[in-house]
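Analysis of the macromolecular model
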Amino acid sequence: MASFSEQARMKELFNKMTLGVVRSLENRPGVTEVRLLDRKPAAKSIIDTWEQSNMCILPQDIRSFFLTSNGLLIQWCVKFGGNMFPLGKMEINSVAGLIPLTKSQTPADDNPSLLDVDSLTDEEDEQGHVKPHFDNRCKVFEVDPCDGSGKVCLVYKHIRAGVTTSQPEVWFLDRSLEWSFLANNFSDYFRMMITHLGLPLWQYIFTSTGISPETKQWFNLYAPMRLAIDTEFSTICDEISSGEGNPLNKLDINRLFKGKVDKSRGRPPQAKKPQGTRTSHTRTGQRGVTR
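Residues numbered from 1 in each chain as written. Predicted model: local features only at pLDDT ≥ 70, side-chain atom pairs only at ≥ 80, totals over all residues. Heavy atoms only, no water.

A few words on the pairing of strand β9 (residues 179-183). Counting buried residues in β9 gives five out of five residues, a clear majority hidden from the surface. Where strand β8 (residues 169-174) and β9 come together, four bridges link them in antiparallel fashion. Counterpart to leucine 173 in the pairing with β9 is tryptophan 179. Counted between consecutive antiparallel strands, the loop separating β8 from β9 contains four residues, among which leucine 177 sits at a positive phi close to 65°. (Buried < 20%, exposed > 50% of the residue type's maximum accessible area, 1.4 Å probe, protein only. Helix = DSSP H or I, 4+ residues; strand = E, 2+ residues; numbered from the N terminus. Pairing = 2+ DSSP bridges.)

So this is what it looks like as C-alpha cells:
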C-alpha cells in the first residue's frame, strides 16, 4: 500500500495531467465525491509489444500518456434527493484495453457482423472527414466503452500491407453504428473529455442525434459555458456546410484554451475614407474562426 506522501504525490501528478479538473470538481457546489483510480505507469515493453502485435505505431502523445498512467478513470458524484448519484465519468482504456473494435464484438454465427454493415465506398461527414471502415481499410481500437452508450475509438487510416502509414484520429461510434468525428489526435480528445467534465453522453454533442434534455440540464448546471461554445460552433458548421466556405471543426482548441478571442485582432487595417465620399456597407455571409 502506498504511503500517504506517495498518494499525495500521485494525486498532484494526476491533477496536473488532467488540467486541474479533479481539484476543480472538488470545489464545485453539489459535488460530494471525486474518485480517481490510481493507475501505475505502463512499462515501455508493454507498449512496444502492443505496437508489434497490432502493427501500429502509437503517436508520442499517447505513449507519453501511458508512460505516465496506464489508463485513466475519474468518477464524480452529486447529492441528489438526499442520495449519492454518480454523474460524471472520464475514462481511457489501459494499453491492454486498446483492443481492435472487431474483436470487442462477439456476435453469433447467424447474426450480422460489423463487416456486413460497412460501406464499399468512402463516405464523408459534413466537415469533409472520411468516415472509418470496419474492414482492412482501417484499424480501429476502443479507447472508451462509454458504459455501452457507444464507443470512442482510435482510428488508423491508409493501411498498406497491414501496416499503418498515418497518424490516428479519434471518432465516436454510436449505438446505431454511425460514425462522428471528434478530434484529429489523442491530445485534442483528452482536452475535450476534461473540459466536458465527463458528463453523461457528452460525445453525442458531436453527433446528428445530439444530447438528451436531461444531459443538457446537467450541462447547464455544471458546464454552461462549454455547452454554449459547442452550440455556437455547431451552428457555424451547419451554416458553412449548407453554403460556401471551408468546413470547420466543431471544437476549436485554440479558442478553448486562450479565452475570448479579441475581435479586433487579425482585421486588416482600414483605409482612411476620403472627405466628401460615402461608404457603402455590405454584409458578409461567412464568419471567420481561428483554427
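Glancing now at the sheet that holds strand β2 (residues 72-80). A sheet is described by the order of its strands in space; here three strands give the open sequence β1-β2-β3, paired in antiparallel fashion. Two strands lie at the open edges of the sheet, namely β1 (31-36) and β3 (83-92), each paired on one side alone. Looking at each pair of strands side by side, their axes are set apart by 20° on average, direction ignored. With five bridges connecting them, β1 and β2 associate as antiparallel partners. Paired with valine 34 across the two strands is tryptophan 76, which belongs to β2. Running at roughly 170° to β3, helix α5 (residues 186-195) makes contact with β2 and β3 of the sheet. (Axes fitted to C-alpha atoms, helices over the stretch in contact; angles between N-to-C directions. Contact = heavy atoms within 4.5 Å.)

What follows concerns the confidence of the model for the protein chain. Of the residues in the protein chain, 71% have a pLDDT of 70 or more, and the chain-wide mean is 78. Looking over the protein chain, one finds the lowest element-wise mean pLDDT in helix α8 (residues 253-257), namely 41, and the highest in β8, namely 97. The low-confidence segment residues 244-269, where pLDDT is below 50, has 48 contacts with residues more than four positions distant or belonging to other chains. A low-confidence stretch, residues 276-291 stays under pLDDT 50, and its non-local contacts, those more than four residues away or across chains, total 15 contacts. (pLDDT = per-residue confidence, 0-100.)

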